[in-house]
Amino acid sequence: MQLSPSTPTSAYASVWDSRPRFKSVLYQVCGFILLMEVSERLSYYGINQGLKNFMQENLGWSSVSANSIKSTWTSVCYLSPLLGAYLADERWGRFKTIAIFGTWYLLGDALLTVAAHPKILGWAETNVSGVFDKSGADTSTAQGLFVFALFGCIGVGTGAIKSNVITLGADQFDPNDPNEEAQKVTFFSYFYWCVNIGAAFSYGYLATLCVDGSAAIPADYGYFATFLICAGVMAVALAVFFSGASRYVKLPPTSDAMSKLVRVVVQAAPRSRAAQGTIAGFLCLLLSFVLNIIAVFLQDGSTARTETTHAAGIMALVGCAAWVLAGIRHTNMDQAKVSVGGNVDDASVDEIKSVVRILPFAAFMVMWQCVYDQIDANFQSIAQQTDLRFGDTRDATQLSGAVLGVFDPLSVILLIPILDTVVYPLYHKKMGRPASPFGKVLVGLIVSTATMFYVGGFEVLRKHSGEILLGNTTDPDAKMPVFNKAGNEPMNKLYWAWNIPQYVLVALCECLINVTAYDVFYTEVPPYLKSTSQAINLFMISMGSNVTSIFTLVFENDIPDNLNDGHLEYMFYAVGAASLVNLVLYVLVMQKMQFGMHSSSRVGDDFGQDKIRASVDGSTYA
């Protein structure tokens, strides 16, 4: 049975009736999808948390290159959902898309594991079992495997399934059955919890395993063991996903939403400046991404890298500006209507115009996503040069700096219910109206901007606290630095727990901005454009990581491997200043457009849409 988004809901009845009836679709059908999600996220974050140190310590790349490559990889992960959405909606369907790209993802995990093996890294064996001599190692083979696995397989695979797993889960609930509709609301909450459970385990355990090993795993095999676990968990994720295949409702790929969006905008371009700005903005952002990838792999400090990075930054700025201007004058799309002499039917223009209208909101999210992306890159660099010891001695047990990333998902888990059950109801009671999307995002942008200035000041204090200088067993009176085990940088006296506030502040912004953004991108467009709209949301997350990489490369001379010799705070202040400008423009443009000023969506109401309960934290899922 061929279905389209415009098909009346009564036509869906036979699709769900054609499968066995389950007492609980949530557990008996979506349980497989939820188990896959927690496994896949554990694999993703298990890889994510260890990348920076693996690139520095095992591949020999600089801190700047490691952080920039990591941000660029994140950008790929959020760019590839466009491919996944297109193939799922127009070619293969969601199940086949997840199956193919999930398998491709697993191949990447396997290759990454091979790249992390001591022998592939070119390390020489010593007389001590499990201990290797890393001096003079030829890592070229490992580097080639690593880059292909990370970017070509995992980056593409995780992104392509990202926009489809949650939607496949939602597809399982019969819209004509009130009981199943109620279960669907719970599904979104459970999905969110699965995401954060996977992330918390990876940051809490794998971040330590990759650096220190375990009782049975030597430290030199730490990354190999970590990536092997990630590959094994991803294999389990696919096995669980396939085992539930006979129970799934698999809607066919009948939507041409993304193709129609492109087709209508291109056809409207000769008569509409808004359409022209939409196209120009996308091309500039895409060019920025390509230029940044080139810059990332150019030589540190080279003129070519500097010039390419600046060009990438200019293209990102122009792209965002073009989308803001296009959205402000979205009504200009009417010039392409057949009724006024254009070449596009009126109904299609009205529908696609709703997508153009959300582009300014999307563009203003880029700087926030740049702030969020600091967690796994520059925040980790700072954390690794604070006092990570549990004790005062040189050989005291150390906490891995990457472990501090666990405070982000844990904070999100706590803050979401606090906002939903306490803060938002209290605001409604005091103000006589519910909190608007505009207001939630505004508060989030204010907090994120302040966070960048706060972290800049924190970095100054960290450096001024001074290095930890202690003697050793052979010379107790000597004053020598104490190095962290993960990145081998000298640790300063500021205690590691002082890093926690910045993770909590960013988590608060996630709850205010990302959850609201998912709601906005869902409600502001017609039903058949919802997936495409969410793909645009993920695309802007990708651009945020892209901008993080650009900032990192621009300030590479201020970010040496040992941060005590540099001025990382300059980059944070620059991101804060750019965020402040972004904040002011957000207020001016959103007020001019009257966008998101009410708790119910104007466009959503026009199309008679129901709002999705925004229980999924987009950046964590991300």
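Analysis parameters
- Residues numbered from 1 in each chain as written.
- Predicted model: local features only at pLDDT ≥ 70, side-chain atom pairs only at ≥ 80, totals over all residues.
- Heavy atoms only, no water.
- Helix = DSSP H or I, 4+ residues; strand = E, 2+ residues; numbered from the N terminus.
- Rg over C-alpha atoms; globule rule 2.2 N^0.38 Å.
- Buried < 20%, exposed > 50% of the residue type's maximum accessible area, 1.4 Å probe, protein only.
- Contact = heavy atoms within 4.5 Å.
- Salt bridge = Lys/Arg side-chain N within 4 Å of Asp/Glu carboxyl O.
- Axes fitted to C-alpha atoms, helices over the stretch in contact; angles between N-to-C directions.
- Parallel < 35°, antiparallel > 145°, perpendicular 65-115°, else oblique.
- Left-handed = near helix turned anticlockwise from the far one by under 90°.
- Nonpolar A, V, L, I, M, F, W, Y, C, P; charged D, E, K, R; others polar.
- Phe/Tyr/Trp six-rings, centres within 6.5 Å; stacked < 30°, edge-to-face > 60°.
- Lys NZ or Arg CZ within 6 Å of the ring centre and 35° of its normal.
- Disulfide = S-S within 2.5 Å.
- pLDDT = per-residue confidence, 0-100.
- Core = buried A, V, L, I, M, F, W, Y, C linked by side-chain atoms within 4.5 Å.

From N to C terminus, the protein includes 22 helices and 4 strands. Radius of gyration (C-alpha) of the protein: 25 Å, near the 25 Å computed for a compact globule of 622 residues. Taking all 622 residues of the protein together, 59% fall into the buried category. Partitioning the contacts of the protein with sequence separation of at least 6, the portion at a separation of at least 24 is 80%.

Right, let's talk about unusual backbone geometry for a bit. With phi around 55°, Gln594 is a residue other than glycine that occupies positive phi space. On the accessibility criterion, Gln594 (48% relative accessible area) is partly exposed.

So, on to the pattern of salt bridges. Per the counting criterion, the structure on display carries 19 salt bridges. A salt bridge links Asp300 to Arg305; the shortest N-O distance between them is 2.9 Å. On the basis of relative accessible area, Asp300 is assigned to the partly exposed category, the value being 37%. Classification of Arg305 by relative accessible area gives buried; the value is 1%. Between Arg305 and Glu556 there is a salt bridge, with its nearest N and O atoms 2.9 Å apart. In this pair, Arg305 is assigned in helix 12 (residues 303–328) and Glu556 in the loop between helix 19 (530–554) and helix 20 (568–593), connecting sequence segments 251 residues apart. One continuous salt-bridge network, built from bridges that share partners, spans Asp334, Lys337, Asp350 and Lys353.

The subject of this paragraph is the packing of helix 12 against helix 20. For any two helices packed against each other, the geometry is given by the interaxial angle and the distance between the axes. Interaxial distance between helix 12 and helix 20 falls to 10 Å at its minimum, and their mutual angle equals 20°. As the angle between them shows, helix 12 and helix 20 are arranged roughly parallel. Crossing geometry of helix 12 relative to helix 20 is assigned as left-handed. Only Val589, Lys592 and Met593 of helix 20 make contact with helix 12, whose side of the interface consists of Val324, Gly327 and Ile328. The residue makeup of the contact of helix 12 with helix 20, split by class, is 4 nonpolar, 1 polar and 1 charged.

In this section: the packing of aromatic side chains. Counted under the stated rule, the structure contains 35 aromatic pairs. Ring centres of Trp92 and Phe101 lie 6.1 Å apart, and the angle between their planes is 35°; this geometry places the pair in the tilted category. With centroids separated by 6.2 Å and ring planes inclined at 75°, the aromatic side chains of Tyr221 and Phe224 adopt a geometry described as edge-to-face. Take Tyr221: its relative accessible area is 22%, and that puts it in the partly exposed class. Stacked on the ring of Phe95, the Lys or Arg Lys250 has its end atom at 4.9 Å from the ring centre. Stacked on the ring of Tyr424, the Lys or Arg Lys440 has its end atom at 4.3 Å from the ring centre.

To continue, consider the environment of Thr397. Relative to the helices and strands, Thr397 is located in the loop between helix 15 (378–383) and helix 16 (407–431). Of the residues examined, Thr397 reaches a relative accessible area of 53% and is grouped as exposed. On a C-alpha basis, the gap between Thr397 and Lys485 in space is 9.8 Å, while along the polypeptide they are 88 residues apart. For Thr397, the contacting residues outside a window of four places in its chain are Leu388, Arg389 and Phe390.

Further remarks concern the packing of helix 10 (residues 257–268) against helix 19. Closest axis-to-axis distance for the helix 10/helix 19 pair is 8 Å, and the angle between their directions is 75°. Relative to helix 19, helix 10 is oriented roughly perpendicular. Contacts between helix 10 and helix 19 pair Ala257, Met258 and Leu261 from the former with Thr532, Ala535 and Ile536 from the latter. Of the residues in the contact of helix 10 with helix 19, the class split is 5 nonpolar, 1 polar and no charged.

Turning our attention to the state of the cysteines. In protein chemistry, a disulfide is the covalent bond that joins the sulfur atoms of two cysteines. One pass over the full model with this rule turns up 0 disulfides. Cys284 takes part in no disulfide bond, and the closest cysteine sulfur to it belongs to Cys320, at a distance of 9.9 Å. Classification of Cys284 by relative accessible area gives buried; the value is 16%. No disulfide involves Cys509; its sulfur sits 9.1 Å from the nearest other cysteine sulfur, which is in Cys511. Take Cys509: its relative accessible area is 0%, and that puts it in the buried class.

As a further point, take the confidence of the model for the protein. Averaged over every residue, the pLDDT of the protein is 87; the share at 70 or more is 94%. Counted against residues more than four places away or in other chains, residues 1–13, with its pLDDT under 50, gives 23 contacts.

On to the nonpolar core, then. Core analysis: the biggest nonpolar cluster contains 183 residues, and Phe146, Phe187, Phe361 and Met590 have the highest contact counts within it. Here this core gets 14 residues from one element, more than from any other, and that element is helix 8 (residues 178–212). Not counting the four nearest positions on each side in its chain, Phe361 is found in contact with Val441, Ala517, Val520, Phe521, Tyr586, Met590 and Phe595. In terms of nonpolar packing, the next biggest core, distinct from the first, is built from 5 residues, Cys284, Leu291, Ala312 and Met315 among them.

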